[in-house]
Amino acid sequence: MLPVVNILGKDIGMYGVAIFVGLVLGTLFAVFHFSKYYDIKKEDLFYAILFGIIGLGVGAKLLYIITIIPDLIQNAYRLDLWTTLLAIFQAGFVFYGGLIGGILGIYIYSKLFKISFKKLLLIIIPVIPLVHAFGRIGCFFAGCCHGMEYHGFGSVVFTNTPFVKPELLNVPLFPSQIVESICNFIIFIIILCTYKKFKNTYKPIALYCVLYSIVRFVLEFFRGDTVRGFLLNLSTSQWISILLFVVGIGIFIYDHKQKNKEQNT
Amino acid sequence: MAVGALVLGIISLLCWFVSSLFIPGIIGIILGIVGIVLAVLAKKKQPSGMATAGLVLCIIGLILNGIGVIACAACFGASGCAALSSL
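Read on for an overview of the structure. On a predicted model such as this, the values are computed, not experimentally measured, just so you know.

Some points on the overall build of chain A
Alright, step 1. When helices and strands are tallied, chain A shows nine helices and seven strands.
Alright, step 2. For chain A, the proportion of contacts with a sequence separation of at least 24, taken over those separated by at least 6, is 68%.
Alright, step 3. On chain A, roughly 13100 Å² of surface is accessible, and the fraction owed to carbon and sulfur atoms is 71%.

Some remarks on the overall build of chain B
Alright, step 1. A count of helical and extended segments in chain B gives four helices and one strand.
Alright, step 2. Secondary structure elements of chain B, listed N to C terminal, follow the sequence α-α-α-β-α.
Alright, step 3. Burial analysis of chain B (87 residues in total) assigns 54% to the buried set.
Alright, step 4. A separation of at least 24 residues holds for 71% of the contacts in chain B among residues at least 6 apart in sequence.

With respect to the pattern of salt bridges
Alright, step 1. Taken as a whole and assessed by the stated rule, the structure comprises five salt bridges over all chains.
Alright, step 2. Taking the shortest distance from any N to any O, the salt bridge between K44(B) and D44(A) comes out at 2.4 Å. Note that K44(B) is positioned in helix α2 (residues 22-45) and D44(A) in helix α2 (residues 42-74), a pairing that runs across two chains.
Alright, step 3. Judged by its relative accessible area of 28%, K44(B) is partly exposed.
Alright, step 4. Among the residues examined, D44(A) registers a relative accessible area of 7% and is labelled buried.
Alright, step 5. Among the ionic contacts, a cluster of salt bridges with common partners joins R216(A), E220(A) and R223(A).

Details of the packing of helix α1 (residues 2-18) of chain B against helix α3 (residues 49-69) of chain B
All names here are of chain B.
Alright, step 1. Relative orientation of the contacting elements α1 and α3 amounts to 25 degrees, with a least axis distance of 7 Å. Relative to α3, the element α1 lies roughly parallel. Judged by the sense of rotation from one axis to the other, the crossing of α1 with α3 is left-handed. Here A2, V3, A5, L6, L8, G9, I10, S12, L13, C15 and W16 of α1 lie close against α3, whose contacting residues are M50, A51, A53, G54, L57, C58, I60, G61, L62, L64 and N65.
Alright, step 2. Residues belonging to the contact of α1 with α3 are distributed by class as follows: 17 nonpolar, five polar and no charged.

Some remarks on unusual backbone geometry
Residues and elements named next belong to chain A.
Alright, step 1. Residue K114 is not a glycine yet carries a positive backbone phi of 50 degrees.
Alright, step 2. Among the structural elements, K114 can be located in the loop between α4 (95-112) and α5 (117-124).
Alright, step 3. For K114, a relative accessible area of 75% gives the class exposed.
Alright, step 4. One non-glycine residue with positive phi stands out, namely N170, at about 65 degrees.

Regarding the side chain of Q177(A)
Alright, step 1. Structurally, Q177(A) is set in helix α7 (residues 176-194).
Alright, step 2. Ignoring any residue separated from it by four or fewer positions in sequence, one finds Q177(A) in contact with R136(A), C139(A), F140(A), G143(A), C144(A), C145(A), H146(A) and F158(A).

With respect to helix α9 (residues 236-264) of chain A
Three- or four-residue spacings in an α-helix give side chains the same orientation, since the helix completes a turn every 3.6 residues.
Alright, step 1. Compared with an ideal rise of 1.5 Å per residue, which puts 29 residues at 42 Å, α9(A) spans 42 Å between its outermost C-alpha atoms and is within 8% of the ideal.
Alright, step 2. Inspection of α9(A) places S237(A), Q238(A), S241(A), L244(A), G248(A), I251(A) and D255(A) among the buried residues, and these make up the whole buried set.

Some thoughts on the side chain of T201(A)
Residues and elements named next belong to chain A.
Alright, step 1. Examined against the element boundaries, T201 turns out to sit in the loop between α7 and α8 (203-220).
Alright, step 2. Engagement of the side chain of T201 in a polar contact is seen with the backbone oxygen of F198, the distance being 2.6 Å.
Alright, step 3. The contacts of T201, once residues within four sequence positions are left out, are Y38, L122 and D255.

Points about α2(A)
Alright, step 1. The terminal C-alpha atoms of α2(A), which comprises 33 residues, lie 48 Å apart, in line with the 48 Å expected from a rise of 1.5 Å per residue.
Alright, step 2. At I68(A), α2(A) shows its strongest bend, of approximately 45 degrees, with the proline P70(A) following within four residues.

Let's talk about the pairing of strand β1 (residues 4-7) of chain A
Residue and element names in this part refer to chain A.
Alright, step 1. Summarising the sheet, β1 and strand β2 (residues 10-13) pair through four bridges and their orientation is antiparallel. Residue pairing for β2: V5 is matched across the bridge by I12.
Alright, step 2. Once β1 ends, the chain turns through two residues before running back antiparallel as β2, passing L8 with a positive phi of about 50 degrees.

Some words on a nonpolar patch on the surface
All names here are of chain A.
Alright, step 1. Together, M148, I214, V218, F221, F222, L232, W239, I242, F245, V246, I249 and I253 make up a nonpolar patch on the protein surface, roughly 1000 Å² of accessible area in all.
Alright, step 2. Elements with a minimum of two residues in the nonpolar patch: α8 and α9.
Alright, step 3. With six residues, the top contributor of residues to the nonpolar patch is α9.
Alright, step 4. Secondary-structure assignment places W239 in helix α9.
Alright, step 5. Using a relative accessible area of 32% as the deciding quantity, one classes W239 as partly exposed.

Criteria and cut-off values
Residues numbered from 1 in each chain as written. Chains lettered and ligands numbered in written order. Predicted model: local features only at pLDDT ≥ 70, side-chain atom pairs only at ≥ 80, totals over all residues. Heavy atoms only, no water. Helix = DSSP H or I, 4+ residues; strand = E, 2+ residues; numbered from the N terminus. Contact = heavy atoms within 4.5 Å. Areas by Shrake-Rupley, 256 points an atom, 1.4 Å probe, with all protein chains shown as cover. Buried < 20%, exposed > 50% of the residue type's maximum accessible area, 1.4 Å probe, protein only. Salt bridge = Lys/Arg side-chain N within 4 Å of Asp/Glu carboxyl O. Axes fitted to C-alpha atoms, helices over the stretch in contact; angles between N-to-C directions. Parallel < 35°, antiparallel > 145°, perpendicular 65-115°, else oblique. Left-handed = near helix turned anticlockwise from the far one by under 90°. Nonpolar A, V, L, I, M, F, W, Y, C, P; charged D, E, K, R; others polar. Expected span 1.5 Å × (residues − 1). Polar contact = N/O pair within 3.5 Å; in protein donor to acceptor, adjacent residues only side chain to side chain. Bend = angle between axes of the 7 residues up to and from the residue. Pairing = 2+ DSSP bridges. Patch = residues over 30% accessible without salt bridge, like charges linked within 9 Å, V, L, I, M, F, W, Y side chains within 5 Å.

Structure (structure tokens):
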């Protein structure tokens, strides 16, 4: 579509622009909306988000490097340093790695400055689907994370992008990025509408885990991009989605038990 | 720490101004990240104008270098695998 635009002689990656817009909006929502429900300083929240963003980038990249280690070892004899660096750093992030890294970043901040980790999580996690929705719009601009061949309503054709396999260029594809982006927006709106009702509970987090894992699990069947790890006919992301779904249900049950315990006492 | 953050923020920004090439961009991102951590630590310890300036510069440096360098993310290694397989 439009992976890069040139402004004043500088190449600007549209993915970066989209994720930047998402991060700014997400931060604004967290700092000025979700924080209203908890007693936490806006400054602390902002710093925790910064730590979370750093953790997100590092985690997503680390998990990506782990996934390409076999490829790197296999191709080691014909790789020069420059190509290896390019393959490692320029592209390829794993969302689930970012999620874990981001949470770890927030945890480190909460421990360093003795701030409630629970409150930080309850404020920051609801904005993840919003940021992710913009990230997927970025994927659409770049042409990555595309769908399988599809000739129905809303199909998209990529004509010139390095992220689509040559045999799939000029072929109608399923708009997996746009569908996932819309689903993420819907998840965000659901969390936004139910947030007040679920105040002081882990339910917004559980809701995100359950809804996103279902969306991702289903959409993985329609993906047609690149080499994906497969185990027992399911992709790596589908296995992680199953895990995330179980975690989400576990949080719901834990929260319910906690509520019952509080009512009994 | 505040001075360190300020210096790293300036270098990070310079990395973007000097060139839109890959290596300066990566250096700018790493310096931006380290600078942000230093600036936050400095601001929590003893808030100062220098720490704030360092934090702002590091954030701007990280954003500009990030946008310049990262072509595609959040996908399961699409382009990296493509880069490897196209060798």
